[in-house]
Structures are given as structure tokens and as C-alpha cells.
Amino acid sequence: MFALSLTEDAELRPLEPWRAEEFLAHLDRARTHIAPWVSPSFMVTDQAGARAVLQRYADLRARDAGGIWGIWHRRELVGGVMFVSFDTASGVCEAGCWLEPAGEGHGLVTRAVGRIVDWAVRERGIHRIEWRTKPDNARSIATARRLGMRLDGTLREVYPGPAGRIDIEVWSVLAPEWRGVRSDVGEHRVE
């Protein structure tokens, strides 16, 4: 197993199905905070559901089509990052994240997303990294900006939601832009 240091007391590690109990405990702490921003299929309420979410990402990783990594701060799982999709043939992937309140304010998401994006660009030859978020998710938009992403546009009323259809903003960074603005990330392997 590997761990990449994000700060002196935080690290990025694979979030594998055997961690379902820990993942569920984390979701229980994060639930009300992240529910407005993440897919309902992510918001599981039992250990079997938690294992299924992590297995779905493990299966994506095995097919080289996605993946999920946890952020541990002071030895506690506080959030994570993922490739929702990952397509080396087209050179396009979508990155995402979530974080419970205990992990906020330390720059963990920006560092963690930076690590996986850097790996995707430098190691895997991905050309375009997308970031999708609701237009009112100020924290997510701030992260996209810190990562050097640009707003491509808004997909209007693209998904059904509890209060009607929702818009999704699409942000992106291209490999040449990433290499130009993210030299501080350096080369890191994500396995």
C-alpha cells in the first residue's frame, strides 16, 4: 500500500472496499455537509452500501476507467478525491472530491486533486481534466480556480433534483495549462 503526504499530518491513500466500515463512519459525519453536492448514489447509509460504492470505484480502477482515494488527516478519514471517469483513448477524465467539515481549511482537497491530476497528465497522458459542480457550490468552484481550471460553461437543467432540474457548471484544465501553472505539484505516482 502507498500513502502520499499532503501536509505534515495528512495523506492520500487508496480507498478500497475493505475500508467500508471506516468509509461509512466518515459518511455519517459528513452526510449533512456533503449531501447537497454529491450524487445520491454516493450517500449510502449502511456498510453493504459503503462497500458497493468503494467496489464500484475499484472496478473502475481495474478497467482503467476511474478510481477513488481517501484523505486522512491526523489518522482519520475526512474526505477524498476521485476520477469519476477516466478515458485514455480520448484523453479526457473527470475529477471530483468531497470533504467533511473537520478536513476543511487545510488545503487538503486542492493538494489531493492536484496529485491525481498531475499523475493523469504526466504519467497517463490525459489532455483534458474536467470538474463538474453545481453553480452554487462556492467551495468547489474555489477549488477549481485554485487548480487553474477555467469555466467552460453551464449545462442547464441537466439532472433531476429534489426541487426540480439542476444546472451543472463544467470547469476544465488542459495538459499544457496544467504543466505551465502547476509546477509546484511535481511528479507523483498514484497507484
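In case you missed it, the structure is sitting above this.
Residues numbered from 1 in each chain as written. Predicted model: local features only at pLDDT ≥ 70, side-chain atom pairs only at ≥ 80, totals over all residues. Heavy atoms only, no water.

A.B. asks: Is there a simple way to explain the nonpolar core in this structure?
C.D. replies: It is characteristic of soluble globular proteins that their nonpolar side chains tend to be buried jointly. Formed by 34 residues in total, the largest nonpolar core has its most connected members in Leu12, Ile71, Val81, Phe83, Val113, Ile129 and Met149. No other element matches helix H3 (residues 108–122), which puts nine residues into this core. Isoleucine 129 has contacts with Cys93, Ala95, Val117, Val121, Met149, Trp171, Ser172 and Val173, leaving out every residue within four places of it along the chain. Within the second largest apolar cluster, 22 residues are counted, among which are Leu15, Ala30, Phe42 and Ala65. (Core = buried A, V, L, I, M, F, W, Y, C linked by side-chain atoms within 4.5 Å. Buried < 20%, exposed > 50% of the residue type's maximum accessible area, 1.4 Å probe, protein only. Helix = DSSP H or I, 4+ residues; strand = E, 2+ residues; numbered from the N terminus. Contact = heavy atoms within 4.5 Å.)

A.B. asks: When you look at the environment of aspartate 87 in this model, what are you seeing that I'm missing?
C.D. replies: Here aspartate 87 shows up in strand S4 (residues 76–87). Put simply, aspartate 87 and alanine 65 are 22 residues apart on the chain and 6.0 Å apart in space, counted from C-alpha to C-alpha. Setting aside its immediate chain neighbours within four residues, aspartate 87 contacts Val92 and Ile126. Only 3.0 Å separates the side chain of aspartate 87 from the backbone nitrogen of alanine 89, close enough to count as a polar contact. Of note is the side chain of aspartate 87, whose polar atom sits 3.2 Å from the backbone nitrogen of serine 90. (Polar contact = N/O pair within 3.5 Å; in protein donor to acceptor, adjacent residues only side chain to side chain.)

A.B. asks: Is there a simple way to think about the packing of aromatic side chains in this case?
C.D. replies: We describe a pair of aromatic rings using the distance from one ring centre to the other and the angle between the two ring planes. All told, the structure shown has seven aromatic pairs when counted by the stated rule. Ring centres of phenylalanine 23 and tryptophan 98 lie 6.3 Å apart, and the angle between their planes is 80°; this geometry places the pair in the edge-to-face category. Residue phenylalanine 23 is found in helix H1 (residues 20–34), and its partner tryptophan 98 is found in strand S5 (residues 92–99); the two are separated by 75 residues along the sequence. Considering the side-chain rings of tryptophan 69 and phenylalanine 83, the 5.8 Å spacing of their centres and the 85° angle between planes classify their relative orientation as edge-to-face. Highlighted residues: tryptophan 69 in strand S3 (residues 67–73) and phenylalanine 83 in strand S4, separated in sequence by 14 residues. No difference in accessibility class separates tryptophan 69 from phenylalanine 83, as the two residues are buried. Counting every residue linked through ring pairs, the aromatic cluster contains Trp69, Phe83, Phe86 and Trp119. The positively charged end of arginine 13 is found above the aromatic ring belonging to tryptophan 72, 4.1 Å away from the centroid. (Phe/Tyr/Trp six-rings, centres within 6.5 Å; stacked < 30°, edge-to-face > 60°. Lys NZ or Arg CZ within 6 Å of the ring centre and 35° of its normal.)

A.B. asks: I keep staring at the sheet that holds strand S1 (residues 4–7) and nothing clicks. Help me out?
C.D. replies: Backbone-to-backbone hydrogen bonds pair the strands of a sheet. The strands run either parallel or antiparallel. The sheet built from eight strands is open, its strands ordered S1-S2-S3-S4-S5-S6-S8-S7 with mixed pairing. Two strands close off the open sheet at either side, each with one partner strand: S1 and strand S7 (150–161). Strand-to-strand twist in this sheet, taken as the mean axis angle between neighbours without regard to direction, amounts to 30°. Two strands pair when backbone bridges link them, and strand S6 (residues 128–133) and strand S8 (residues 164–174) are joined in this way by six bridges, in the antiparallel orientation. Residue pairing for S8: arginine 132 is matched across the bridge by valine 170. Contacts between H1 and the sheet are confined to S3, S4 and S5, with S4 contributing the most and set at about 85° to the helix. Sheet strands touched by helix H2 (residues 47–62): S3 and S4. Its angle to S3, the strand with the most contacts, is close to 125°. (Pairing = 2+ DSSP bridges. Axes fitted to C-alpha atoms, helices over the stretch in contact; angles between N-to-C directions.)

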